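Below, each chain spelled out in residue letters.
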Amino acid sequence: MSLIVQKYGGTSMGSPERIREVARRVERFVKEGHQLVVVPSAMSGETNRLLALAREVNPDASAREIDVIASTGDQVSIGLLSIALQKLGVKARSYTGYQVPIRTDNAYSKARILAIEEGNIRRDLAAGHVVVVAGFQGVDEGGSITTLGRGGSDTTGVALAAALKADECQIYTDVDGVYTADPRIVPEARRLDTVTFEEMLELASLGSKVLQIRSVEFAGKYKVKVRVLSSFTDVHSTDMGTLITFEEDENMEQAIISGIAFNRDEAKITVLGVPDRPGIAFAILGPIADANIDVDMIIQNASTEGMTDFSFTVHRNEYQRAMQILESRVKPEIKARGIVGDDRIAKVSLVGIGMRTHAGIASKMFGCLAAEGINIQMISTSEIKTSVVVDEKYMELAVRVLHKAFELDKAPDQEKMRP
Ligand code: ADP
Ligand code: ASP
Ligand code: MG
């Protein structure tokens, strides 16, 4: 008998029929003798609908109340899944984040899980129940409802698996695993049987929304065995999906590049004509940091006659605010010539641990983009990733061209294996 945590995404819970299907899958695992904790997401589109409704009523609504509203979609789902299970004769009990409780900090809309109290869940499991826990939500110290950021039920699932020391956390979604690129953009994308934790962390942070980044962080910290699977296969399917691994097994299939991620969430800002002297980066980015705006890529150009240009990217939602801070506070102070911005950019990234041992990946990437006439606006690299910023309208083309050039549609052969 194993203890398994299963998380089902919005599409998997998208209709009464889909919910009954999820219940049948849970029933199968129960009949196989496993203990189950299930985290169903809000029905697809529901969280968006709730957020839009809140904005319509009050565009300046407080973050605390928005979380009260946004969390209800997931509450409806736990009730619906529990009654679907009961209809099959499976004992089930639902819990909101508050009832578990799942304790978080009070950063509304992006709260972090601090602790999960296991008592209620353990008791119900011992009594033979399937425990159905609402994803995406928790409760702060003062008793207020919090939400964990979009896609946050992945994190609820993995955090529960960590707290309960579950044997496995299964993330059921509308694709049958982690692919070399989003299969909606690259139809030739190939499913990976395994992906290393480090690669998954990069892919998730660079835009592959198949797993929320914090869920991957949890998996790494507590060594949770996470598998990504489809809920659209036959309930008795033995498909294994994609397993996130922690060991770099020499014998494992291992390509130089594991995947391509993309992200349209950023905007680029350039401060023109600033004096090239100590303290300039701090003068520009200090007020941005003080306003709690995260900066991703940064570039400072070579200077001519003591003057330079300074570019960086921020989340698109923070673009206007960052521009205002620069115009009103930074520009007069450092006497910059001007500030220009572009919120129609996209970041495309190659990810693979094989990059550590292979030179020339970045230059091949740049060559491929040049051959298509795609201008690279910014570049950033780390040990296992190379990212470029391009005009948003070339993003899909860039992803497809790179997928082809690096032959990600083909299983890695001996030649391309890591030495
Ligand atoms: P859920 O509602 O189940 O949480 P999401 O929409 O959050 O589902 O995540 C699944 C989606 O992630 C897929 O439908 C797919 O379009 C997208 N995706 C992006 N990158 C990848 C990738 N590398 N592999 C698989 N899916 C990906
Ligand atoms: N329902 C939440 C959202 O739409 C959480 C999730 O789906 O993971 O973001
Ligand atoms: Mg998701």
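Residues numbered from 1 in each chain as written. Chains lettered and ligands numbered in written order. Predicted model: local features only at pLDDT ≥ 70, side-chain atom pairs only at ≥ 80, totals over all residues. Heavy atoms only, no water.

Undergrad: When you look at the pattern of salt bridges in this model, what are you seeing that I'm missing?
TA: Opposite charge on two side chains lets them pair, provided their charged atoms get close. In this structure the tally under the stated criterion is 28 salt bridges. Among the salt bridges present, the one from Arg122 reaches Glu118, with a minimum N-O distance of 2.9 Å. Among the salt bridges present, the one from Glu168 reaches Arg227, with a minimum N-O distance of 3.0 Å. Here Glu168, found in strand S9 (residues 168-173), pairs with Arg227, found in strand S11 (residues 226-230); they are 59 residues apart in sequence, far enough to count as distant. Each member of the pair, Glu168 as well as Arg227, is classed as buried. Counted as one network, the salt bridges with shared partners bring together Glu17, Arg20, Glu21 and Arg24. (Salt bridge = Lys/Arg side-chain N within 4 Å of Asp/Glu carboxyl O. Helix = DSSP H or I, 4+ residues; strand = E, 2+ residues; numbered from the N terminus. Buried < 20%, exposed > 50% of the residue type's maximum accessible area, 1.4 Å probe, protein only.)

Undergrad: I tried to follow the environment of Arg28 on my own but got confused; where do I start?
TA: Note that Arg28 resides in helix H1 (residues 16-31). Separated by 208 residues in sequence, Arg28 and His236 have C-alpha atoms that sit 7.3 Å apart. Non-local contacts of Arg28, meaning those with residues more than four positions away in its chain, are made with Val235, His236 and Ser237. (Contact = heavy atoms within 4.5 Å.)

Undergrad: In this structure, what is going on with the site of ligand 2? I would like to understand it.
TA: Ligand 2 sits among Ser41, Ala42, Thr47, Asp74, Phe136, Arg150, Gly151, Gly152 and Ser153. Between an oxygen atom of ligand 2 and a side-chain N or O atom of Arg150, the distance comes to 2.7 Å. Side-chain polar atom of Ser153 to an oxygen atom of ligand 2: 2.5 Å apart, as the coordinates give it. For ligand 2, whose accessible area on its own is 260 Å², the fraction buried by protein is 87%. For the shell around ligand 2, a count of residues per class yields two nonpolar, five polar and two charged. (Near = heavy atom within 4 Å. Polar contact = N/O pair within 3.5 Å; in protein donor to acceptor, adjacent residues only side chain to side chain. Areas by Shrake-Rupley, 256 points an atom, 1.4 Å probe, with all protein chains shown as cover. Nonpolar A, V, L, I, M, F, W, Y, C, P; charged D, E, K, R; others polar.)

Undergrad: Teacher, can you tell me more about the packing of aromatic side chains here?
TA: The description of two aromatic rings rests on the distance between their centres and on the angle between their planes. In this structure the tally under the stated criterion is four aromatic pairs. A centroid spacing of 4.8 Å and a plane angle of 10 degrees characterise the contact between Tyr8 and Tyr172, whose relative ring orientation is stacked. Of this pair, Tyr8 sits in strand S1 (residues 3-8) while Tyr172 sits in strand S9, and the two are 164 residues apart along the sequence. Exposure remark for Tyr172: the relative accessible area of 3% places this residue in the buried category. Summarising the aromatic geometry, the rings of Phe218 and Tyr222 are spaced 5.7 Å apart at their centres and angled 25 degrees between planes, so their arrangement reads as stacked. (Phe/Tyr/Trp six-rings, centres within 6.5 Å; stacked < 30°, edge-to-face > 60°.)

Undergrad: Where do I start with the side chain of Ser71 in this structure?
TA: Relative to the assigned elements, Ser71 resides in the loop between helix H3 (63-70) and helix H4 (72-87). Look at Ser71 and you get buried, because its relative accessible area is 4%. Beyond its immediate sequence surroundings of up to four residues, Ser71 is in contact with Gln137, Ile145 and Thr147.

Undergrad: Just to check I follow, could you spell out the packing of H1 against H4 for this structure?
TA: Helix-helix packing is described using two parameters, namely the angle between the two axes and the distance between the axes. Interhelical geometry of H1 versus H4 gives an angle of 60 degrees and a closest axis separation of 9 Å. By the angle class used here, H1 and H4 are oblique. For H1 against H4, the interelement crossing comes out right-handed. Contacts between H1 and H4 pair Ile19, Val22, Ala23, Val26 and Glu27 from the former with Leu80, Leu81, Ala84 and Leu85 from the latter. Broken down by class, the residue content of the contact of H1 with H4 amounts to eight nonpolar, no polar and one charged. (Axes fitted to C-alpha atoms, helices over the stretch in contact; angles between N-to-C directions. Parallel < 35°, antiparallel > 145°, perpendicular 65-115°, else oblique. Left-handed = near helix turned anticlockwise from the far one by under 90°.)

Undergrad: How should the confidence of the model for the protein be read in this particular structure?
TA: When pLDDT is low, close inspection of the predicted coordinates is not appropriate. In this model, the protein carries an average pLDDT of 94, and 97% of its residues clear a pLDDT of 70 or more. The low-confidence segment residues 414-419 (pLDDT under 50) makes 13 contacts with residues lying over four places distant or belonging to another chain. (pLDDT = per-residue confidence, 0-100.)

Undergrad: Whenever I open this one, the pairing of S1 confuses me. Can you help?
TA: Consecutive side chains of a regular strand alternate in pointing toward one face of the sheet and then the other. For S1, a buried count of six out of six residues is recorded, marking the element as mostly surrounded by other parts of the structure. Note on the crossover from S1 through H1 to strand S2 (residues 35-40): the handedness is right-handed. (Right-handed = clockwise from strand over helix to strand, strands pointing away.)

Undergrad: Can you help me understand the nonpolar core in this one?
TA: A general tendency of soluble globular proteins is for nonpolar side chains to be buried together. The biggest cluster of nonpolar side chains holds 43 residues, and the ones touching the most others in it are Val37, Ile121 and Val133. When residues of this core are assigned to their parent elements, the largest contribution, seven residues, is made by helix H6 (residues 153-164). Not counting the four nearest positions on each side in its chain, Val37 is found in contact with Leu3, Ile4, Val5, Gln6, Ile121, Leu125, Val131, Val133, Leu160 and Leu164. Within the second largest apolar cluster, 26 residues are counted, among which are Ile260, Phe262, Cys368 and Val401. (Core = buried A, V, L, I, M, F, W, Y, C linked by side-chain atoms within 4.5 Å.)

Undergrad: I tried to follow the sheet that holds strand S12 (residues 242-245) on my own but got confused; where do I start?
TA: Sheet strands associate in pairs through backbone hydrogen bonding, adopting either a parallel or an antiparallel arrangement. The eight strands lie next to each other as S3-S6-S2-S1-S9-S11-S12-S10, forming an open sheet whose pairing is mixed. A strand with exactly one partner marks an edge of an open sheet, and here the two such strands are strand S3 (92-95) and strand S10 (194-196). Here the strands of the sheet are splayed against their neighbours by 20 degrees on average, with no regard to which way each runs. One ladder, built from five bridges, connects S1 with S9; its direction is parallel. From the neighbouring strand, Tyr8 faces S9, where its bridge partner is Tyr172. Across the face of the sheet, H1 comes into contact with S1, S2, strand S6 (130-133), S9 and S11 while running at roughly 170 degrees to S1. Packed onto the sheet, H4 meets S2, S3 and S6 and runs at close to 175 degrees relative to S3. (Pairing = 2+ DSSP bridges.)

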